[in-house]
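So the chains spell out like this:
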Amino acid sequence: MKTVEIIGYRRANLGKTDAQRIREEGSVPCVLYGGDNQVHFYAPMSLFNDLVYTNEAHFVHLNIEGDECQAILQEVQFHPVSEIILHADFLRISEDRRIKMSIPVRLVGQAPGVAKGGTLVRKRATLKVSGFPKDMPDHIDVDCSTLDFHKAAKVGDMKLGDLVFLDPKQASIAVVEIP
C-alpha cells in the first residue's frame, strides 16, 4: 500500500478558538490516537490532497516535529457547505496488530447483463476489512464478468488473502438491474 507523508506541528493550545485560528491559517487540527498518549497537532491542508481526495487507501507517515510514526487516517470531518477539512483523526499502527480500514472498491470486467441492456449499479464504494498492515491493499477489485440481470456480487463471495471482511456477508457490492 502506498504511503503519504504528513508533516505536523504540536498544538500548544486546545479548544474551539485555537482550532478556528488554525483553520484560518490554512491548516487542519488533528489528533493521533494509539500508543501511550494522544498527540494533538496541526498540518497544512495541502498535504491532505493525496490522502483524502483519492480512490485508493493509503498509510500515513506522520512526522510531528521530529517524532515519526506510521498511521492510518481514521476519520476526517468536512464543513457541510464549503467542503473544507475541519478535523482529522489518525490511528497509530504497528506491524503486529490487526487494524480495521475501509478499502475502496473497483469494479472490473464486463457484465453480460450490461451487454443485454441492463445497468451495473454500485451498491458499496468501500468495504470494511480487518487485517495486518502488510496485508492491506490499495483497493479491492470486484469481478463483474459473471453478473447477469438481477445478479449481484456480494461481500460473502469475496476472498482476499488473510483479510476478514467486516460488512454483512449478504450485502451487495454491485448488481445488474433492468432499467
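Quick caveat: nothing in here was measured; it's all calculated off a predicted structure.

Student: Sorry if this is basic, but what is going on with helix H1 (residues 16–24) here?
Tutor: An α-helical turn contains 3.6 residues, so a residue and the one three or four places further along point in the same direction. Turning to H1, its buried residues are Asp18, Ala19 and Ile22. Buried residues along H1 cover an arc of 100° about the axis, so they all sit on one side. Facing away from the buried side of H1, by more than 90 degrees, are the exposed residues Lys16, Thr17 and Glu24. Structurally, H1 contributes buried residues whose contacts are with strand E2 (27–33) and strand E3 (39–44). Positive phi appears at Gly26, one or two residues downstream of H1, with a value of about 90°.

Student: Just checking my understanding: could you explain the layout of surface pockets for this structure?
Tutor: Picture a little ball the size of a water molecule; that probe, rolled over the atoms, points out where space is still empty. Taken as a whole, the largest pocket spans an internal volume of roughly 510 Å³. In terms of lining residues, the largest pocket is bounded by 20 residues, among which Leu51, Ala57, Leu73, Met101 and Ser102 are the most central. Put simply, the parts of the chain that give the lining of the largest pocket at least two residues each are helix H2 (49–52), strand E5 (67–78), strand E7 (99–108) and strand E9 (126–131). For the lining of the largest pocket, the element with the most residues is E5, which contributes 5 residues. In terms of residue class, the lining of the largest pocket is built from 10 nonpolar, 6 polar and 4 charged.

Student: Can you walk me through the pattern of salt bridges in this structure?
Tutor: In the structure shown here, the tally under the stated rule is 10 salt bridges. Residue Asp148 pairs with Lys116 through a salt bridge whose shortest N-O separation is 2.9 Å. With Asp148 in the loop between strand E10 (140–143) and strand E11 (152–154) and Lys116 in the loop between helix H3 (112–115) and strand E8 (119–122), the pair connects residues that are 32 residues apart, well separated along the chain. Of the residues examined, Lys116 reaches a relative accessible area of 53% and is grouped as exposed.

Student: Just checking my understanding: could you explain the sheet that holds E10 for this structure?
Tutor: Paired through backbone hydrogen bonds, the strands of a sheet run either parallel or antiparallel to each other. Overall, mixed pairing links the 4 strands, which are arranged E10-E7-E9-E12 in an open sheet. With one partner strand each, in any of the chains shown, E10 and strand E12 (164–165) form the two edges of the open sheet. Sheet topology places E7 next to E10; 4 bridges connect them, and they run parallel. Bridge pairing in E10 places Val108 opposite Asp143.

Student: Explain the packing of aromatic side chains here, please?
Tutor: Geometry of an aromatic ring pair is reported as the spacing of the ring centres plus the angle between the planes. Summed over the entire model, instances satisfying the criterion amount to 4 aromatic pairs. Aromatic pair Tyr9 and Tyr42: ring centres 5.7 Å apart, planes at 40°, arrangement tilted. Of the two residues, Tyr9 sits in strand E1 (residues 3–10) while Tyr42 sits in strand E3, which places them 33 residues apart along the sequence. Given the relative accessible area of 38%, Tyr9 is considered partly exposed. Given the relative accessible area of 25%, Tyr42 is considered partly exposed. Measuring from centroid to centroid gives 6.4 Å for Tyr53 and Phe78, while their planes differ by 50°, and the two rings are tilted.

Student: How should I be thinking about the sheet that holds strand E13 (residues 172–177) in this particular structure?
Tutor: Within the open sheet, the 3 strands sit side by side as E8-E13-E11. Their pairing is antiparallel. Where the open sheet ends on each side, the last strands, each with one partner, are E8 and E11. Taking each pair of neighbouring strands and ignoring which way they run, the sheet shows an average axis angle of 15°. Across 4 bridges, the pairing between E8 and E13 is antiparallel. Each bridged residue has a counterpart across the sheet, and for Arg122 the counterpart in E13 is Ala174.

Conventions used here
- Residues numbered from 1 in each chain as written.
- Predicted model: local features only at pLDDT ≥ 70, side-chain atom pairs only at ≥ 80, totals over all residues.
- Heavy atoms only, no water.
- Buried < 20%, exposed > 50% of the residue type's maximum accessible area, 1.4 Å probe, protein only.
- Helix = DSSP H or I, 4+ residues; strand = E, 2+ residues; numbered from the N terminus.
- Arc of directions from axis to C-beta.
- Contact = heavy atoms within 4.5 Å.
- 1 Å grid on protein atoms, 1.4 Å probe; cavity = no way out; pocket = protein on both sides within 12 Å on 5 of 7 lines; lining within 4 Å.
- Points joined across faces, edges and corners; volume = space filled by probe spheres on them.
- Nonpolar A, V, L, I, M, F, W, Y, C, P; charged D, E, K, R; others polar.
- Salt bridge = Lys/Arg side-chain N within 4 Å of Asp/Glu carboxyl O.
- Pairing = 2+ DSSP bridges.
- Phe/Tyr/Trp six-rings, centres within 6.5 Å; stacked < 30°, edge-to-face > 60°.
- Axes fitted to C-alpha atoms, helices over the stretch in contact; angles between N-to-C directions.

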